[in-house]
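Structural overview
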Amino acid sequence: MTTVLTVEDLSIGFRSEGKVVTVVRGVNFKLEAGQTLALVGESGSGKSVTSLGIMGLLPPPPQSRTDGRIILHGDQDTDLLTLPEAGMRRVRGDRIAMIFQEPLTSLNPVHTVGAQIVEAIRSHRRMTRKAARARAIDLIEQVGIPDAAARLGSYPHELSGGMRQRIMIAIALALEPDILIADEPTTALDVTVQAQIIDLLRRLQADTGMAMLFITHDFGVVADVADRTIVMYAGEMVEEGSTDTVLGRPLMPYTRGLMSAVPKLQTAGLKQGELQTIDGFVPDPANLPTGCSFHPRCRHMREGLCDVPPVPLEDAGDRHMVRCKRWQDLAEASG
Amino acid sequence: MMTTANDVSTKSNRKQGRWMSSRGVRRFVSHRLAITGLLMISAVALLCIVGPWLLPHGMLEINIIDRFKPPGTDDYVLGTDELGRDLAARLFMAGRVSLIVGVAAMILSTLIGTVIGLVAGYFGKVIGTVLMRFTDSVLCFPQIFLLLTLAAFLEPSALMITLIIAATSWMEIARIVSAEIRSLRERDFVTASRISGASHSWIMFRELLPNIVGPIIVAATLTVARAILTEAYVSFLGYGIQPPLPSWGNMLNNAQQYLDTAPWLALVPGVAITIAVTSFNFIGDGLRDALDARSDMP
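Residues numbered from 1 in each chain as written. Chains lettered and ligands numbered in written order. Predicted model: local features only at pLDDT ≥ 70, side-chain atom pairs only at ≥ 80, totals over all residues. Heavy atoms only, no water.

**A look at the overall build of chain B**
Note the cut-off: Runs of E in the DSSP output that reach at least two residues are strands. Runs of H or I that reach at least four are helices, and both are numbered from the N terminus. Relative accessible area decides the class of each residue, using a 1.4 Å probe on protein chains only: under 20% of the type maximum gives buried, over 50% gives exposed, and in between gives partly exposed. Residue contacts are counted whenever heavy atoms from the two residues lie within 4.5 Å of one another.
Of the regular secondary structure elements, chain B holds 13 helices and 0 strands. Secondary structure elements of chain B occur, N-terminal to C-terminal, as α-α-α-α-α-α-α-α-α-α-α-α-α. Classification of the 298 residues of chain B by burial places 44% in the buried group. Restricting to contacts in chain B with at least 6 residues of sequence separation, those with at least 24 account for 71%.

Okay, structure coming up:
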C-alpha cells in the first residue's frame, strides 16, 4: 500500500479577540492509495477545518495558526504547510480535489456545466478546447449521467441535486487527483440519491486508485465507504481504527453515544420514537474542560481520573487507538 | 424507444436552457416605456448618423441673408441660427458629439468602476476599505465643481471632456459592484474554484463578474443618460465642447441671448437632450426589471 498523504501533529488555531483559539489539536493520520479514511464527529469537532487545512484554504496568519506537517508524497515529498501559494495552487485540483456538501451552490450559476469542467481541466493541463471537451464528455459518462454530450450545455439550475453532485465529482476527478476530500458530500441529498453517490464514489475509487478522505457525521455512510475511521471530538482524535473495529467494538463512550444517536427504524430494547442522545453540548474550544474533553458529558466519568490531564491516545491492539482513561474497565463491563 | 425518450428530454431541457434569458427578453419587451425609449434613442441615433448627409446645407455653411429663419422656412427644416446656419444640420452633428461623448464616458467609467468594485469587494479587508473610502471621498465632491475645476485647467476637447466625465462618474458602479461581489464571494462555487486551483484574477473576472453583468448593464445605461446631461451643462457653461464644433450643450449656450426673438434655437437642442436622457433612463428601468436577479428567482 502506498501512502499518499501523511498528516503529522496537525494543530490549527484561529485568532479571536486577541488570543489564539485552537480548534484542531495534534491530529495524525495517513491516507493510503485506494483506501478511504472517514473523519467522523459532530459539528465543531474540527473535521472540516482539518480538510481546509490540507487544502491550504485557511485564512492566512495572523488570523490562523497552523502547526505540524502535512506531507504530500510523490516523486518527492512536499510539506503543504510550508508550500507557497503558487505551489499550493498547482496542488489544488490537480493532486488533491475536493467536493462539498452543497452541490447547489458549488457550481457557478452563470456557466454551463461543460464550460466548468473544461476550465477545470484547462487550468492545469495544456489541452485544446476540443480535447478538453471530449474529456468532459468522458467524465460525465463516468459519473453516470446519460446523454453526456447534451448535458455539457446545461446550466446548474437545470439539474437535480444528485446530478449536480455528480458534476462536482466529475470536476473533482477531471485531473485524476491522488486524493479526493469529500466534505459531507451526501448530507444535502435524499437517501436514495445518497446511496447512488456513495456507490459512484466507491466505483470511481476502485477504477482510479485514489485515496479518499471522507468527512461525515453519519455512521451509516461510514460503514458503507470507509476502510479506516477516525472519530473526532473537540478538535482531537478520540478513537481510530479500521471501520469494522470502530463500529463493531467502539471503546470510547463518545463513539458509542454517537452511534446510538443514529435513528434506526427498529432499535432493539428501545421504544419506538425514543432516541438516545448525548447530553450537553460540544465544549467551547476557547474554554475546554481539563483532562478528557468529553468528561462533562460522559456517563462513565470518574472524578479525579477523567478530569486530570494528560489523556493519551492508547493502543487497544490491532491499531485500534482510543483516548479514554477507562476504556479497559468499560470494555470488560460490556463484555 | 430509448432514443425517443432521450430526445424528448433533451429537447425540453434545451428549451429550459434558453428559458432564463428569454424570460428576461420577454420582460424587457413587455416594458412599454423601455421599448419606447429604445425606439426613440434609435431614431435619434439614426438621424444623427445619416441626417447630415440628407440635408441640403452643411453645419458650418453660413448664410447671412437667411439668419433667424423659423423652422419650416424654405429647406431649413428646423430653421437657422444667428449666422444663418442650418439648425437641423447642427443639431445632428451635435448629436453625434453628445452621444459619442456620453457612450464613451459610460464605457470608461463602467470599466473603472467595475475593476475598483471587483477588487475592493473580492479582497475586502484593508484593500477593500481603502478603495471604497477613496470612492466615497470622490463621491463627496460635488461633481459640477470638480468638472469645472478640471475643465478650467485642461485644454477643453471632446476627448478631454469624456475623460473628465468618466473620472467623476465611476463611483456608483464601483459601489454596486463591490456590494454584489461581497455577497457572491462567500458562495461555495468560489471556494470550489479556489479548490480546483484558480487564481484570484480568474475568480474575479471569470467566476464572479459574469454573475453581476445584469446590475452593471443597468447602471451603465443610466450612466449614459447622466453623462449626456453632464456634457450638456459643462458645454453650456462654456467649458466643454468648443465652437464651431456643435454639441447640444453649447447650442443652448448660444441660444440663450436670442430666447425672446428665436426661441426655437433653445427649444430644438433642449428637446433633443430631453429625448436622449429620458430614453436612456427608460431603457435603464426596463433593463433593471428584466435583469434583476431577485425577480428572476423561480
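What follows picks up the thread again.
**Things to note about the overall build of chain A**
Counted only if it meets this: In this treatment the radius of gyration is a C-alpha quantity, and the globule benchmark scales as 2.2 Å times the residue count to the 0.38 power. Per-residue and other accessible areas were derived by the Shrake-Rupley procedure at a 1.4 Å probe size, with only the shown protein chains allowed to occlude residues. Asp and Glu count as negative and Lys and Arg as positive, but His and the ends of the chain are not part of the count. Each charge is placed at NZ for Lys, CZ for Arg, CG for Asp and CD for Glu.
Helix and strand counts for chain A stand at 11 helices and 12 strands. On C-alpha atoms alone, chain A measures out to a radius of gyration of 21 Å, which is about the 20 Å that the 2.2 N^0.38 rule sets for 335 residues. Considering only C-alpha atoms, chain A reaches an extent of 70 × 50 × 40 Å along its principal axes. Considering chain A as a whole, with its 335 residues, one finds that 50% of them fall into the buried category. For chain A, the exposed area adds up to about 15400 Å²; of that, 50% sits on carbon and sulfur atoms. For chain A, the distance from the average position of its 35 positive side-chain charges to the average position of its 41 negative side-chain charges is 4 Å.

**Section: the sheet that holds strand S11 (residues 314–315) of chain A**
All names here are of chain A. Counted only if it meets this: Only when DSSP finds a minimum of two bridges between them are two strands counted as paired. To obtain each axis, a line is fitted to C-alpha atoms, and for helices this fit is confined to the stretch in contact; angles are then taken between N-to-C directions over 0 to 180 degrees.
As summarised here, the arrangement of the 8 strands in space is S6-S7-S8-S3-S9-S10-S12-S11, forming an open sheet in which the pairing is mixed. Strands with a single pairing partner mark the edges of an open sheet, and in this sheet they are strand S6 (96–99) and S11. Pairing analysis gives 5 bridges linking strand S7 (residues 179–183) to strand S8 (residues 211–216), with the strands arranged parallel. Along S8, the bridge assignment pairs Asp-183 with Ile-215. Sitting on the sheet, helix H6 (residues 161–173) touches S6 and S7, and the angle it makes with S6 is about 175 degrees. Packing of helix H7 (residues 191–208) onto the sheet brings it into contact with strand S3 (36–40), S6, S7 and S8, and relative to S8 it is tilted by some 160 degrees.

**Here's the deal with the environment of Ile-216 of chain B**
Residues and elements named next belong to chain B. Position of Ile-216 among the secondary structure elements: in helix H10 (residues 213–236). Of the residues examined, Ile-216 reaches a relative accessible area of 11% and is grouped as buried. When near neighbours in sequence (up to four residues on either side) are disregarded, Ile-216 contacts Thr-110, Thr-114, Val-177 and Leu-209.

**Overview of the pairing of strand S10 (residues 236–242) of chain A**
Put simply, side chains in a regular strand alternate between the two faces of the sheet. Residue and element names in this part refer to chain A. With 6 of 7 residues buried, S10 lies mostly within the body of the structure. The pairing of strand S9 (residues 228–233) with S10 spans 6 bridges and is classified as antiparallel. By the bridge assignment for S10, Ile-230 is matched with Glu-240. If you look at the hairpin formed by S9 and S10, you'll find 2 residues sitting between the two strands, and Ala-234 has a positive phi there, around 50 degrees. Direction of pairing for S10 relative to strand S12 (residues 321–322): antiparallel, over a ladder of 2 bridges. Paired with Glu-240 across the bridge in S12 is Met-321.

**Remarks on the interface of chain B and chain A**
Where we set the bar: Accessible-area loss on putting two parts together, using a 1.4 Å probe and summing over both, is the definition of buried area adopted here. Salt bridges are defined as contacts in which a side-chain nitrogen from Lys or Arg sits within 4 Å of a carboxyl oxygen from Asp or Glu.
Contacts between the two partners involve 24 residues from chain B and, on the opposite side, 28 residues from chain A. Where chain B abuts chain A, roughly 2200 Å² becomes buried across the two surfaces, and 54% of that area is made up of carbon and sulfur atoms. By the criterion of area lost to chain A, the three top residues of chain B are Asp-188, Arg-194 and Ile-195 of chain B, representing 26% of everything that side buries. Counting across the chain B and chain A interface gives 2 salt bridges. Across the salt bridge formed by Glu-85 of chain A and Arg-194 of chain B, the nearest N and O atoms sit 3.9 Å from each other.

**Comments concerning the layout of surface pockets**
Which parts of space are left empty comes out when a probe the size of a water molecule is rolled across the atoms. In plain terms, the rule: Residues are called lining when one of their atoms sits within 4 Å of a cavity or pocket point, these points coming from a 1 Å grid over the protein atoms alone, where a cavity is a set in which a 1.4 Å probe fits but cannot get out and a pocket is an open set with protein on both sides within 12 Å along at least five of seven lines. Grid points are joined across faces, edges and corners, and a volume is the space filled by probe spheres set on the points. Three classes are used: nonpolar for Ala, Val, Leu, Ile, Met, Phe, Trp, Tyr, Cys and Pro, charged for Asp, Glu, Lys and Arg, and polar for all others, with Gly counted as polar.
Its boundaries defined by the atoms lining it, the second largest pocket holds a volume of some 1300 Å³. As for the second largest pocket, its lining consists of 40 residues, of which Leu-57, Leu-58, Pro-59 and Pro-60 of chain A together with Arg-194 of chain B are closest to the centre. Breaking the lining of the second largest pocket down by element, the ones donating at least two residues are helix H1 (47–55), strand S4 (64–72) and helix H2 (85–91) of chain A together with helix H3 (87–123), helix H4 (125–140) and helix H8 (188–195) of chain B. When the residues that make up the lining of the second largest pocket are grouped by side-chain class, the tally is 20 nonpolar, 10 polar and 10 charged.

**Thoughts on the sheet that holds strand S5 (residues 78–79) of chain A**
Residues and elements named next belong to chain A. An order of S2-S1-S4-S5 is seen for the 4 strands of this open sheet, with the pairing classed as antiparallel. Every interior strand has two partners, whereas the edge strands, strand S2 (19–32) and S5, have only one. Bridge analysis of S4 against S5 gives 2 bridges, and the strand direction is antiparallel. What sits directly across from Ile-71, in S5, is Asp-79. Of the strands in this sheet, strand S1 (3–16), S2 and S4 touch H1, which is tilted by about 110 degrees from S1.

**So, the side chain of Ser-109 of chain B**
Residues and elements named next belong to chain B. As for its position among the elements, Ser-109 is in helix H3. Owing to a relative accessible area of 0%, Ser-109 belongs among the buried residues under this scheme. Apart from the residues lying within four places of it in its own chain, the contact partners of Ser-109 are Ala-166, Ser-169, Trp-170 and Thr-223.

**Topic: the domain arrangement of chain A**
Rule in force here: Note that the domain bounds reflect an automated or database-derived domain assignment.
Each assigned domain of chain A is listed with its residue range as follows: domain 1 (107–175) and domain 2 (251–333). Centre-to-centre, using C-alpha coordinates, domain 1 of chain A lies 43 Å away from domain 2 of chain A.

**Here's the deal with helix H2 (residues 32–54) of chain B**
Residues and elements named next belong to chain B. The criterion, for reference: What a helix should span is 1.5 Å times the count of its residues minus one. What we call the bend at a residue is the angle made by axes fitted to the seven residues finishing there and the seven residues starting there.
A rise of 1.5 Å per residue sets the reference length of H2, with its 23 residues, at 33 Å; its end C-alpha atoms lie 31 Å apart and thus fit the reference within 8%. Most pronounced at Cys-48, the bend in H2 amounts to some 40 degrees, and the proline Pro-52 follows within four residues. Every buried residue belonging to H2 is among Ala-34, Gly-37, Ile-41, Val-44, Cys-48, Gly-51 and Pro-52, and all of these are buried.

**As for the packing of helix H3 (residues 113–122) of chain A against H6 of chain A**
Angle between the axes and distance between the axes: these two values describe a pair of packed helices. Residues and elements named next belong to chain A. Definition in use: To sort the angles, those under 35 degrees are grouped as roughly parallel, those over 145 as roughly antiparallel, those from 65 to 115 as roughly perpendicular, and the leftovers as oblique. The handedness criterion is simple: a crossing whose near helix is rotated anticlockwise from the far helix by less than a right angle is left-handed, and one whose near helix is rotated clockwise is right-handed.
Two numbers describe how H3 lies on H6: the axes approach to 9 Å, and their chain directions differ by 20 degrees. On the basis of their axis angle, the class for H3 and H6 is roughly parallel. Crossing hand, H3 versus H6: right-handed. Note on element contacts: H6 touches H3 through Ile-167, Ala-170 and Ile-171, opposite Val-113, Gln-116, Ile-117 and Ala-120.

**A look at the packing of aromatic side chains**
Here is the rule we go by: Geometry of aromatic contacts follows a simple scheme: Phe, Tyr and Trp rings, the Trp one being its six-membered ring, pair when their centres are within 6.5 Å, and the pair is stacked under 30 degrees between planes, edge-to-face over 60, tilted otherwise.
Enumeration over the complete set of coordinates arrives at 5 aromatic pairs over all chains. Ring geometry for Phe-134 of chain B and Trp-170 of chain B: centres 5.9 Å apart, planes at 25 degrees, overall stacked. Linking Phe-134 of chain B in helix H4 with Trp-170 of chain B in the loop between helix H6 (158–167) and helix H7 (171–184), this pair joins segments that are 36 residues apart in sequence. What makes Phe-134 of chain B partly exposed here is its relative accessible area of 45%. Taken together, the aromatic side chains of Tyr-233, Tyr-254 and Phe-294 of chain A make up a single cluster linked through ring pairs.

**Examining the side chain of Thr-221 of chain B**
Residues and elements named next belong to chain B. The topology assignment puts Thr-221 in helix H10. Given the relative accessible area of 10%, Thr-221 is considered buried. In contact with Thr-221, other than residues within four places in its own chain, are Phe-280, Ile-283, Gly-284 and Leu-287.

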